[in-house]
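A structural walkthrough
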Amino acid sequence: LGALELTVLLAVVRLGDDAHGLAIRRDVSARMRHDYSVGAIYTTLQRLEEKGFVSSRLTDPLPQRGGRSRRQFKVSAAGQRALGAAHRVATSVWAGVHTTIHPHPA
């Protein structure tokens, strides 16, 4: 998983039933402190879906969207396994590093 793929996948987990494109974009942009375009998020979601890490479905039409549907995303079992593997790698890589070292300078 690339950094953006991992961040998007974690956003889908966090958002649960509210995991749709705009909410995912807001979550990822806030956490990464970078304003990602809708296109970048949807391209990443499409890539994750092609890899089998997420699935999507269209909701029923929503009155607040002028009767348009929304595409909702859900992490698959393969996505859960990929997240577990990414967590294990990050934990292993950071093992033994003193807590006084910060990965992001203030």
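Before going into details, it helps to say that this report is about the structure given with it. (Residues numbered from 1 in each chain as written. Predicted model: local features only at pLDDT ≥ 70, side-chain atom pairs only at ≥ 80, totals over all residues. Heavy atoms only, no water.)

Bringing unusual backbone geometry into the picture now. For Arg-33, which is not glycine, the phi dihedral falls at a positive 55 degrees. When you line up the elements, Arg-33 lands in the loop between helix H2 (21–32) and helix H3 (38–50). Of the residues examined, Arg-33 reaches a relative accessible area of 79% and is grouped as exposed. (Helix = DSSP H or I, 4+ residues; strand = E, 2+ residues; numbered from the N terminus. Buried < 20%, exposed > 50% of the residue type's maximum accessible area, 1.4 Å probe, protein only.)

In this section: the packing of aromatic side chains. On inspection of all chains with the given rule, the structure shows one aromatic pair. With a centroid separation of 6.4 Å and 55 degrees between ring planes, the pair formed by Tyr-42 and Phe-73 is classed as tilted. Of this pair, Tyr-42 sits in helix H3 while Phe-73 is found in strand E2 (residues 71–75), placing the two residues 31 residues apart along the sequence. Classification of Phe-73 by relative accessible area gives buried; the value is 5%. (Phe/Tyr/Trp six-rings, centres within 6.5 Å; stacked < 30°, edge-to-face > 60°.)

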